[in-house]
Amino acid sequence: MEEIFILIKYLFLGLLQGFTEPIPISSSGHLVLVQEIFDVGVGDNLSFEVLVNFGSLIAVLMIYWKDIVHIAKNGINYIITKDKANHDDFMFIIYLVVATIPAAVIGLLFEDYIEATFAGRVKMVGITLIITGIALWIIRNLRGNKNDGALTMKDAIIVGFAQSVALLPGISRSGATIVAAMLLGMKQETALRFSFLMFIPVSVGTMILSVDEVVNDPNFNTLWIPYLIAFIAAIIATYYSLRWFMNIMAKGNLKYFAFYCFIVGIIAFIAGTS
């Protein structure tokens, strides 16, 4: 019976992480709430977090694979031929690299402090969820005009710093980057693509830095089946969640995510103060 409960728990957590990762409601914030309020979690198990994050990464790669190949091919062609037709894609790659730097640096310097500060702090997660909701409400009706070719270095830096703010549980990574991108005048499609292509190097970097801990995980031998279930669940949930979110973005219905963040944030705040 206990084995079945463990399988169900990891299936649930994989689905939760996968579903909440692409949409602007903070996957990390939800994991804190589920663990602290409902006592469903895996503690400080970095291996599990890396694994489900890898599942989400695979789903994002599946959806944006054609874009990745197109941009990479044109970027390489520009380096070789200096063909102006490929300049925008080359610069798009440069902007992605630049936008990744703030979160990488701040994460390396302050990740332990952030984790210690927010560990078990349901009230603080409630506050950050409300902040996420306010940001989404502000941009709910924005319609930008900047496409990929109109981006600037300033845009990349600002969106990059917005991504670093999402190191705080309750601040959605996709929400923070999309809010910043749309405030800078990007079209919804461009903001969405830039946000999730930024997710790729950050996720890969996190995995590389965590390889040693994953390899030496003492729980792997006994929990490899639950881990595998969570991994597969994260892939499936992220894939369909991101597809759904892309349709939501196209229709401009971000206000519903704002309402959700307000409701859950207020509940978490009350639960954290009681």
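The coordinates are above.
Here's a quick rundown of the structure.

1. Details of the nonpolar core
Counting 50 residues, the largest nonpolar core has Y64, F194, F245 and F257 as its most contacted members. It is helix α8 (residues 188-209) that contributes the most residues to this core, eight residues altogether. The contact partners of F194, leaving out residues within four places of it in the chain, are F92, Y95, L96, A99, L151, A156 and V159. Counting 10 residues, the second largest nonpolar core, distinct from the first, contains L13, F48, L223 and A234.

2. A few points about empty space enclosed by the protein
Under the defined criterion, the tally for this structure stands at one cavity of 30 Å³ or more. Lining the largest cavity, in full, are I139, R140, L142, R143, M182, Q188, M249, G252 and L254. Of the residues assigned to the lining of the largest cavity, the class counts are five nonpolar, two polar and two charged.

3. Regarding unusual backbone geometry
For residues other than glycine, phi is negative in most cases, and the peptide bonds are mostly trans. Although it is not a glycine, S26 sits at a positive phi angle of roughly 70°. Here S26 shows up in the loop between α1 (2-20) and α2 (27-37). The exposure class assigned to S26 is buried, which follows from its relative accessible area of 2%. Its identity is not glycine, yet K82 carries a phi of approximately 60°, on the positive side.

4. What to know about the packing of aromatic side chains
Any two aromatic rings considered together are summarised by their centre-to-centre distance and by the angle between their planes. Evaluation of the coordinates by the stated rule reveals 13 aromatic pairs. Ring geometry for Y10 and F48: centres 5.3 Å apart, planes at 80°, overall edge-to-face. Here Y10, found in helix α1, pairs with F48, found in helix α3 (residues 46-81); they are 38 residues apart in sequence, far enough to count as distant. F48 carries the same exposure label as Y10, and that label is buried. One aromatic cluster is present, built from ring pairs that chain together F19, W244, F245 and F257. Looking at K82, its charged tip hangs above the ring of Y78, at a distance of 5.8 Å from the centre. Positioned above the aromatic ring of W137 is the side chain of R140, whose terminal nitrogen or guanidinium carbon lies 3.8 Å from the ring centre.

5. Remarks on the packing of α1 against helix α10 (residues 220-251)
Angle between the axes and distance between the axes are the two parameters that describe a pair of packed helices. The contact between α1 and α10 brings their axes to 7 Å, and the two run at 30°. Comparing the axis directions of α1 and α10 gives the class roughly parallel. Where α1 crosses over α10, the two elements pack in a sense that is right-handed. Of the residues in α10, those touching α1 at I6, L7, Y10, L11, G14, L15, G18 and F19 are L223, I225, P226, Y227, I229, A230, A233, A234, A237, T238, S241 and W244. Among the residues making up the contact of α1 with α10, the classes are represented as 16 nonpolar, four polar and no charged.

6. Observations regarding the side chain of T177
Checked against the element boundaries, T177 lands in helix α7 (residues 173-183). There is a polar contact of 2.9 Å between the side chain of T177 and the backbone oxygen of R173.

7. Looking at the pattern of salt bridges
Applying the stated criterion to the full structure yields four salt bridges. Residue D67 is joined to R193 by a salt bridge in which the shortest nitrogen-to-oxygen separation is 3.1 Å. With D67 in helix α3 and R193 in helix α8, the pair connects residues that are 126 residues apart, well separated along the chain. Residue classification places R193 among the buried residues on the basis of a relative accessible area of 11%. Its salt-bridge partner being R193, residue E189 comes within 2.9 Å of it at the nearest N-O pair. Residue E189 and its partner R193 are both found in helix α8; the two are separated by four residues, about one turn of the helix. Connected via shared salt-bridge partners are D67, D148, E189 and R193.

8. Section: the environment of I232
Mapping I232 onto the fold places it in helix α10. Taking the C-alpha atoms as reference points, I232 and M198, separated by 34 residues in sequence, lie 22 Å from one another.

9. Section: a nonpolar patch on the surface
On the surface, L7, F220, W224, I225, L228, I232, I236 and Y240 cluster together into a nonpolar patch covering about 770 Å² of accessible area. When residues in the nonpolar patch are grouped by element, the largest group, seven residues, is from α10. Tracing the chain through its elements places I225 in helix α10. Classification of I225 as partly exposed rests on a relative accessible area of 40%.

How each quantity is defined
Residues numbered from 1 in each chain as written. Predicted model: local features only at pLDDT ≥ 70, side-chain atom pairs only at ≥ 80, totals over all residues. Heavy atoms only, no water. Core = buried A, V, L, I, M, F, W, Y, C linked by side-chain atoms within 4.5 Å. Buried < 20%, exposed > 50% of the residue type's maximum accessible area, 1.4 Å probe, protein only. Helix = DSSP H or I, 4+ residues; strand = E, 2+ residues; numbered from the N terminus. Contact = heavy atoms within 4.5 Å. 1 Å grid on protein atoms, 1.4 Å probe; cavity = no way out; pocket = protein on both sides within 12 Å on 5 of 7 lines; lining within 4 Å. Points joined across faces, edges and corners; volume = space filled by probe spheres on them. Nonpolar A, V, L, I, M, F, W, Y, C, P; charged D, E, K, R; others polar. Phe/Tyr/Trp six-rings, centres within 6.5 Å; stacked < 30°, edge-to-face > 60°. Lys NZ or Arg CZ within 6 Å of the ring centre and 35° of its normal. Axes fitted to C-alpha atoms, helices over the stretch in contact; angles between N-to-C directions. Parallel < 35°, antiparallel > 145°, perpendicular 65-115°, else oblique. Left-handed = near helix turned anticlockwise from the far one by under 90°. Polar contact = N/O pair within 3.5 Å; in protein donor to acceptor, adjacent residues only side chain to side chain. Salt bridge = Lys/Arg side-chain N within 4 Å of Asp/Glu carboxyl O. Patch = residues over 30% accessible without salt bridge, like charges linked within 9 Å, V, L, I, M, F, W, Y side chains within 5 Å. Areas by Shrake-Rupley, 256 points an atom, 1.4 Å probe, with all protein chains shown as cover.

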